[in-house]
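A structural walkthrough
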Amino acid sequence: KVFDVVVVGSCMTDLVSKAPRLPKAGETIHGHKFFIGFGGKGANQCIQAARLGVKTAMVCKVGKDFFGDNYIQNFKDNGVHTEFVKQSSDAVTGAASITVDDAGENAIVIVAGANMLLGAEELQEALPAISHTKVLVCQLEISPQTSLQAMCMARDNKVKTIFNPAPAIPDLDPDFYRVSDVFCCNESEAELLTGSSVASVEEAHRAGQELLKRGCGSVIVTLGPQGCVVLKGGESTLKHVPAPEVTAVDTTGAGDSFIGALAFYMANHPHMPLEEMARRANLVAGVSVREIGTQTSFPYRRDLPNEYFQE
Ligand code: RIB
Ligand code: NA
């Protein structure tokens, strides 16, 4: 294989404000910190996988603007292959306005911009990468049809797929389940997709069983501080993976750190049990919540204990 992990997904410029609490509708409040960072779920996941030490490529679209130019440099700085990162003058680079409160909670508005112009033509160009990778990862910050097509292309070439239905949409094409080797969502996405409450390990297990029935190979439902549940097709036992105890400064992008790490383990340790991959991915994501920002807080291999990388 040419690559270990290929991500077909989004890039966003994150415009982050820290405030004591999230503003209410119609309200203006004073924040105490502002910064601009590299984000977008697709790129975040790709960067986390790359930082753990695998060969990655990103398939995405940014604007022909300052933010797009900077983003391409960011991929290069992180060792991500950029041949399939395209620039368009028809739309701006995607942007995310993020507010983070003192409890580490966040609220986000994304304007996808150029991300929505990634389509069949670009996928065709990227076929050599999509068909020659160990793992392909997709999310929902680009056009869902593009994500689905990329997953189908990967499947046709016996490439393992991870699908992260984020941000969740209520009318998700049922084909997504059938082409997902691992379907990985958080509690609120699981709620939206199943229509029932997902707040406890028990409820996550039930939601996971429902998602599994729709045709995916395995399901992971993440529960923040409660860890995650892992369900494999054909097995009925509940596997709950607890999360490490951490004091969260900023949980933005923690889910992306988890998915990126999961992709790393699937590519590098394909025979490891899925719950062990999830346990280690939880530890990696746990490091990311201790610092403000998304990619700025994602750990490199050198920051992590050696045992995270042993069989
Ligand atoms: O998952 C976190 C990401 O979601 C942020 O980086 C922001 O860009 C939004 O897309
Ligand atoms: Na963080």
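Residues numbered from 1 in each chain as written. Chains lettered and ligands numbered in written order. Predicted model: local features only at pLDDT ≥ 70, side-chain atom pairs only at ≥ 80, totals over all residues. Heavy atoms only, no water.

Notes on the overall build of the chain
Helices and strands together make up the secondary structure of the chain, namely ten helices and 13 strands. Against the 2.2 N^0.38 benchmark of 19 Å for 311 residues, the chain shows a C-alpha radius of gyration of 18 Å, consistent with a compact globule. Here the C-alpha coordinates of the chain stretch approximately 50 × 45 × 40 Å along the principal axes. In the chain, which comprises 311 residues, the proportion classed as buried is 54%. Long-range pairs, those at least 24 residues apart, make up 68% of the contacts in the chain between residues at least 6 apart in sequence. Total accessible area computed for the chain in this model is approximately 13300 Å², and 52% of it derives from carbon and sulfur atoms. (Helix = DSSP H or I, 4+ residues; strand = E, 2+ residues; numbered from the N terminus. Rg over C-alpha atoms; globule rule 2.2 N^0.38 Å. Buried < 20%, exposed > 50% of the residue type's maximum accessible area, 1.4 Å probe, protein only. Contact = heavy atoms within 4.5 Å. Areas by Shrake-Rupley, 256 points an atom, 1.4 Å probe, with all protein chains shown as cover.)

Focus on the coordination of the sodium ion (ligand 2)
Distances from the sodium ion (ligand 2) to its protein donors, namely Asp-250 (O), Ser-288 (O), Glu-291 (O), Gly-293 (O) and Ser-297 (OG), fall within the range 2.4 to 3.0 Å. Going along the chain, you hit the donors of the sodium ion (ligand 2) in the pattern D-x37-S-x2-E-x1-G-x3-S. Pair noted here: Asp-250 is in the loop between β13 (239-241) and α9 (254-268) and Gly-293 is in the segment after α10 (274-288), with a separation of 43 residues, a long-range link. (Donors = N, O, S within 2.8 Å, 3.2 Å for Na, K, Ca; no water.)

Details of the site of ligand 1
Taken together, Met-12, Asp-14, Gly-39, Gly-40, Lys-41, Asn-44, Ala-96, Ile-110, Glu-141, Gly-253, Asp-256 and Thr-294 make up the full set of residues near ligand 1. Between Asp-256 and ligand 1, the recorded distance is 2.7 Å, taken from a side-chain N or O atom to an oxygen atom. For ligand 1, whose free accessible area comes to 280 Å², the fraction covered by protein is 96%. Secondary-structure elements contributing two or more residues to the shell around ligand 1 are β2 (12-18) and α1 (41-51). Looking at the shell around ligand 1, its residues break down into three nonpolar, five polar and four charged. (Near = heavy atom within 4 Å. Polar contact = N/O pair within 3.5 Å; in protein donor to acceptor, adjacent residues only side chain to side chain. Nonpolar A, V, L, I, M, F, W, Y, C, P; charged D, E, K, R; others polar.)

Observations regarding the sheet that holds strand β12 (residues 228-232)
Reading across the sheet, the nine strands line up as β5-β4-β1-β8-β9-β10-β11-β12-β13 and stay open at both edges, with mixed pairing between neighbours. In this open sheet, the two edge strands, each paired with only one partner strand, are β5 (85-88) and β13. Averaged over all pairs of adjacent strands, the angle between their axes in this sheet comes to 15°, without regard to strand direction. The pairing of strand β1 (residues 3-8) with strand β8 (residues 133-138) spans five bridges and is classified as parallel. The partner of Val-5 across the bridge, within β8, is Val-135. Contacts between helix α2 (residues 66-77) and the sheet are confined to β4 (56-63) and β5, with β4 contributing the most and set at about 175° to the helix. Lying over the sheet, helix α8 (residues 201-213) contacts β10 (182-186), β11 (218-222), β12 and β13, oriented at roughly 30° with respect to β12. (Pairing = 2+ DSSP bridges. Axes fitted to C-alpha atoms, helices over the stretch in contact; angles between N-to-C directions.)

Focus on the packing of aromatic side chains
In this description, an aromatic ring pair is defined by two values, namely the gap between the centres and the angle between the planes. Under the defined criterion, the tally for this structure stands at eight aromatic pairs. Seen from their ring centres, Phe-38 and Tyr-71 are 5.0 Å apart, and the 70° between their planes marks the pair as edge-to-face. Taken together, the residues Phe-38 in strand β3 (residues 33-39) and Tyr-71 in helix α2 connect sequence positions 33 residues apart. In this structure Phe-38 comes out as partly exposed when scored by relative accessible area, which is 31%. Sitting over the face of the ring of Phe-309, Arg-301 holds its NZ or CZ atom 4.1 Å from the ring centroid. We note Arg-302 situated over the ring of Tyr-300; from NZ or CZ to the ring centre the distance is 4.3 Å. (Phe/Tyr/Trp six-rings, centres within 6.5 Å; stacked < 30°, edge-to-face > 60°. Lys NZ or Arg CZ within 6 Å of the ring centre and 35° of its normal.)

Considering the packing of α1 against α9
Axes are the key here: two packed helices are described by the angle between their axes and the distance separating the axes. The interhelical angle for the contact between α1 and α9, taken along N-to-C directions, is 50°, at an axis separation of 7 Å. The orientation of α1 with respect to α9, classified from their angle, is oblique. The handedness of the crossing between α1 and α9 is right-handed. Here Lys-41, Asn-44, Gln-45, Gln-48 and Ala-49 of α1 lie close against α9, whose contacting residues are Asp-256, Ser-257, Ile-259, Gly-260, Ala-261 and Phe-264. Classifying every residue of the contact of α1 with α9 by side-chain character gives four nonpolar, five polar and two charged. (Parallel < 35°, antiparallel > 145°, perpendicular 65-115°, else oblique. Left-handed = near helix turned anticlockwise from the far one by under 90°.)

Some points on helix α5 (residues 144-156)
Over its 13 residues, α5 runs 18 Å from end to end, which matches the ideal 18 Å to within 8%, given 1.5 Å per residue. Those residues of α5 that sit buried are Thr-146, Ser-147, Leu-148, Ala-150, Met-151, Met-153 and Ala-154. (Expected span 1.5 Å × (residues − 1).)

A look at the state of the cysteines
Summed over all chains, the structure comprises zero disulfides. Unpaired in this structure, Cys-46 has its nearest cysteine sulfur neighbour in Cys-60, at a distance of 8.3 Å. Looking at Cys-46, the relative accessible area reads 0%, which means it is buried. Cys-11 provides the cysteine sulfur closest to Cys-60, a residue in no disulfide bond, and the two sulfurs are 3.4 Å apart. (Disulfide = S-S within 2.5 Å.)

Looking at the sheet that holds β2
Strand order across the open sheet formed by four strands is β3-β2-β6-β7, with mixed pairing between neighbours. Two strands close off the open sheet at either side, each with one partner strand: β3 and β7 (106-111). When strand polarity is set aside, the average angle formed by the axes of neighbouring strands in this sheet is 20°. Pairing of β2 with β3, which is carried by seven bridges, proceeds in the antiparallel orientation. Across the sheet, residue Lys-18 finds its bridge partner in β3, namely Lys-33. Sitting on the sheet, α2 is in contact with β2 and β3, with an inclination near 65° to β3.

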